[in-house]
Structures are given as C-alpha cells and as structure tokens.
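Each chain is listed here by its residues.
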Amino acid sequence: MIQKAFNLTEFVLEGLAETRELQVFLCILLLIFYVIILPGNILIIVTILKDPQLGAPMFFFLASLALMDICYSCVTPPKMIINLFSGCQTISYKGCMIQVFLIHFLGASEIYLLISMAIDRYVAICHPLHYVTVITKPVCWILVMASWAGGFTHSIIQIILIFPLPFCGPNKLDNYFCDVTQIIRLACTNTYSLEFAMFINSGLTTAGCFVLLLISYGALLIKVRTGVSQGKTKASSTCITHIIIVFIMFGPAIYLYCHPFRDFPFDKMVGFLHTVIFPLMNPMIYTLRNKEVKVAMWRLLKNCNI
C-alpha cells in the first residue's frame, strides 16, 4: 500500500504470529493470564490502601508500581485482541501515536519509580535512625509524582521527534503494536540522526539506569550482609526482590532499544513479554516475597468472606 505522507491515516499491524490459529491461541492464553493476574494486582492495591499496618513508604511505592503495571499492560493487548476477532489489522495514525506515547510514558515512569524505591531502601538501610523524618508521606508523593513527570517528559520527546516524519511508502508494521523502532523504519527520509537521538533517549538512558540500580542494590546488599542489625534477613530479601524486578523490567527494554532499529528474530517475543507479561508479574513477585502483604491480603479476603 503506497500512500503520500499527508494522506497517511493508518498503519497495518501484521500481528504477533504468522498464522491466525497461533494468534488465536496466544490471545486465549493472554485472556486467561489477565483473568488470573490482573485481579491479583488490583487486590494488592486494595490491600495496601485498606490495611493500616501497611502504611510504610515501601508499600506505598509497591501500590504505585502495581497501578503503573496495570496501566502499562493494558495499552497494547486490547487493540491486538480487537484486531484479531474483528479481522481488521489496521490502527489509525493517531491511535498509533497514542500507543507510542503511552508505552514510553508508563515504561519510563516505572523506571523512575524503581529509582525512587531504591532511594527509599538506601535511606532505610544506610540511615535507619533518620528514615521516618526523611521519607515522609509528602516525600513519597513527590517521588511518585516526579516519576510520572519524568515519564511524561521522556515520552513527549519521543512524540515530538517522530511526529514530523514523512511517510510515503509501505505502512505495514511487523509487530502487534506501534513503537518508535517500527515507525522510524517506514519514514521516507534519512533517519540516522533520529535513530541516534532515540538510542540516547531510550536505549542509553535505560541501560544507564539499569547499571546504576544494580550498583546501588549490590552495595546495599553487601552492607546488609556484613551488618549486625536484627532485620538484616528481611532487608536482604527486599534488596534481592528489587534486583529481580530490575532485571525483569530493564532486560527486555535494553534489548529492544539498544540494538540498531532493524528486525531481529526475538523482537516480537521480547516485546510481548515486555509490554504484557512482565508488567503484571512485577507486583506479584514483590507480594510472594513479602510476608506482611500476604498476611494482610488473606486478612482482607477473610473479612470480605471470600
């Protein structure tokens, strides 16, 4: 399909799999996954909000993470499911830009939230006597709002850079959702400078935050293991949980945005894990490794006679 730049109104999404049968199978798995995991994440948020014993900043950040992950995992699957069952594989130009904005807005916000959680753990472990006076409720809100603001800034930069691109050739995206790595390839202009800017804004920034978080949590883990405090087992478990989430969140993002903007064999699968599966798993991992949240959750369910 050949269209002039000013007449481009839609893109064609080729989907997650080549055959319709496989796409139907993946969608059914996705729906089952949502039915099980999505309510679990909502339950985490409700439990933290309802239980006064979970008033510590760490749980406030966990509820914020669960909310971000729910929003993030709901950006691309609805359109994929609608296209599959309607037989239509298109997405409007505006819809495509909205997908790009939301993916990078929520993804970057979560990265900055993980940095906020690392700050929280640093103060708790390295300056425990000042923790209550430093990480107050207003400070928690400021850190969360700063995370959202940082994500918005990152995403709006992406949109500003790709919005003026001219499209005058094929409009097929070899994926099930819109992303900058796909859109830039279809532009009928030299995009070398733009790809470099995107690499810095997405790839290099993500990789830098990943290394920074690993170093900080590694240092905290060493400090906890060599310390003599009574709560070092719990602190160590918390640090390990954060490290697991850092790998889950940053690994696929680094793979997608740090290699050249060309097709690679595992791009679709990594993108699927990054935008759908892993976000829903993050809060669950925190919950399964946190006894206080599990106890509070069972208490809430019993009070509701579930």
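Residues numbered from 1 in each chain as written. Predicted model: local features only at pLDDT ≥ 70, side-chain atom pairs only at ≥ 80, totals over all residues. Heavy atoms only, no water.

Observations concerning the overall build of the protein
Next up, step 1: For the protein, the helix and strand inventory stands at 11 helices and 3 strands.
Next up, step 2: Along its sequence from the N terminus, the protein presents helices and strands in the succession β-α-α-α-β-α-α-α-β-α-α-α-α-α.
Next up, step 3: Taken against the 2.2 N^0.38 rule, which gives 19 Å for 306 residues, the C-alpha radius of gyration of the protein at 21 Å falls within 12% of a compact globule.
Next up, step 4: Expressed as a percentage of the 306 residues in the protein, the buried residues total 52%. (Helix = DSSP H or I, 4+ residues; strand = E, 2+ residues; numbered from the N terminus. Rg over C-alpha atoms; globule rule 2.2 N^0.38 Å. Buried < 20%, exposed > 50% of the residue type's maximum accessible area, 1.4 Å probe, protein only.)

Re the layout of surface pockets
Next up, step 1: The computed volume of the second largest pocket comes to approximately 290 Å³.
Next up, step 2: In terms of lining residues, the second largest pocket is bounded by 15 residues, among which Leu49, Phe60, Ala63, Ser64 and Trp141 are the most central.
Next up, step 3: Taken together, the elements giving at least two residues each to the lining of the second largest pocket come down to α1 (20-50), α2 (57-73) and α6 (137-162).
Next up, step 4: When residues of the lining of the second largest pocket are assigned to their parent elements, the largest contribution, 5 residues, is made by α6. (1 Å grid on protein atoms, 1.4 Å probe; cavity = no way out; pocket = protein on both sides within 12 Å on 5 of 7 lines; lining within 4 Å. Points joined across faces, edges and corners; volume = space filled by probe spheres on them.)

Considerations on the packing of α1 against α2
If you want to describe how two helices pack, look at the angle between their axes and the distance between the axes.
Next up, step 1: Viewed as axis vectors pointing N to C, α1 and α2 meet at an angle of 150°, and their least axial separation amounts to 9 Å. As far as their axial angle goes, α2 and α1 are roughly antiparallel. Viewed along their axes, α1 and α2 form a crossing whose handedness is left-handed. Where α1 approaches α2, its residues Tyr34, Leu38, Asn41, Ile42, Ile44, Ile45 and Ile48 are matched on the opposing element by Phe59, Phe60, Leu62, Ala63, Ala66, Leu67, Ile70 and Ser73.
Next up, step 2: When the residues that make up the contact of α1 with α2 are grouped by side-chain class, the tally is 13 nonpolar, 2 polar and no charged. (Axes fitted to C-alpha atoms, helices over the stretch in contact; angles between N-to-C directions. Parallel < 35°, antiparallel > 145°, perpendicular 65-115°, else oblique. Left-handed = near helix turned anticlockwise from the far one by under 90°. Contact = heavy atoms within 4.5 Å. Nonpolar A, V, L, I, M, F, W, Y, C, P; charged D, E, K, R; others polar.)

Details of the state of the cysteines
The bond known as a disulfide is covalent and runs between the sulfur atoms of two cysteines.
Next up, step 1: Under the definition given, this model contains 1 disulfide.
Next up, step 2: Free of any disulfide, Cys71 has its nearest cysteine sulfur in Cys74, 7.1 Å distant.
Next up, step 3: Taking relative accessible area as the criterion, Cys71 reaches 31% and is therefore assigned partly exposed.
Next up, step 4: No disulfide involves Cys239; its sulfur sits 9.1 Å from that of Cys126, the nearest cysteine. (Disulfide = S-S within 2.5 Å.)

Some points on the sheet that holds strand β2 (residues 90-92)
Picture the strands of a sheet paired through backbone hydrogen bonds; they go either parallel or antiparallel.
Next up, step 1: The 3 strands lie next to each other as β2-β1-β3, forming an open sheet whose pairing is mixed. Two strands bound the open sheet, and with one partner strand each, they are β2 and β3 (172-173).
Next up, step 2: Pairing between strand β1 (residues 10-13) and β3: 2 bridges, direction parallel. Residue Val12 lies in a different strand from β3, and its bridge partner there is Lys172.
Next up, step 3: Most of the contacts of helix α4 (residues 93-126) go to β2, to which it runs at about 85°, and overall it touches β1, β2 and β3. (Pairing = 2+ DSSP bridges.)

Topic: the UniProt feature "transmembrane region" (unreviewed entry) in the protein
Next up, step 1: Feature annotation in UniProt assigns "transmembrane region" (unreviewed entry) to the following positions: residues 22-46, 98-119, 139-163, 199-222, 234-257 and 269-288.
Next up, step 2: Span residues 22-46 is 100% helix and 0% strand, its end C-alpha atoms 36 Å apart.
Next up, step 3: Helix makes up 100% of residues 234-257 and strand 0%, with an end-to-end C-alpha separation of 35 Å. (UniProt positions renumbered as here; feature names shortened; annotations may be inferred.)

Describing the side chain of Ser109
Next up, step 1: Relative to the helices and strands, Ser109 resides in helix α4.
Next up, step 2: You can call Ser109 buried: its relative accessible area is 0%.
Next up, step 3: One polar contact links the side chain of Ser109 to the main-chain carbonyl oxygen of Phe105, over a distance of 2.6 Å.
Next up, step 4: In this structure, Ser109 is in contact with Met68, Ser147, Trp148, Gly151 and Phe152, ignoring residues within four places of it in sequence. (Polar contact = N/O pair within 3.5 Å; in protein donor to acceptor, adjacent residues only side chain to side chain.)

Observations regarding empty space enclosed by the protein
Next up, step 1: One pass over the full model with this rule turns up 3 cavities of 30 Å³ or more.
Next up, step 2: The volume enclosed by the largest cavity comes to roughly 200 Å³.
Next up, step 3: Around the largest cavity, the lining comprises 17 residues; the ones closest to its centre are Gly107, Ala108, Ile111, His154 and Thr206.
Next up, step 4: Among the secondary structure elements, those contributing two or more residues to the lining of the largest cavity are α4, α8 (192-226) and α9 (232-258).

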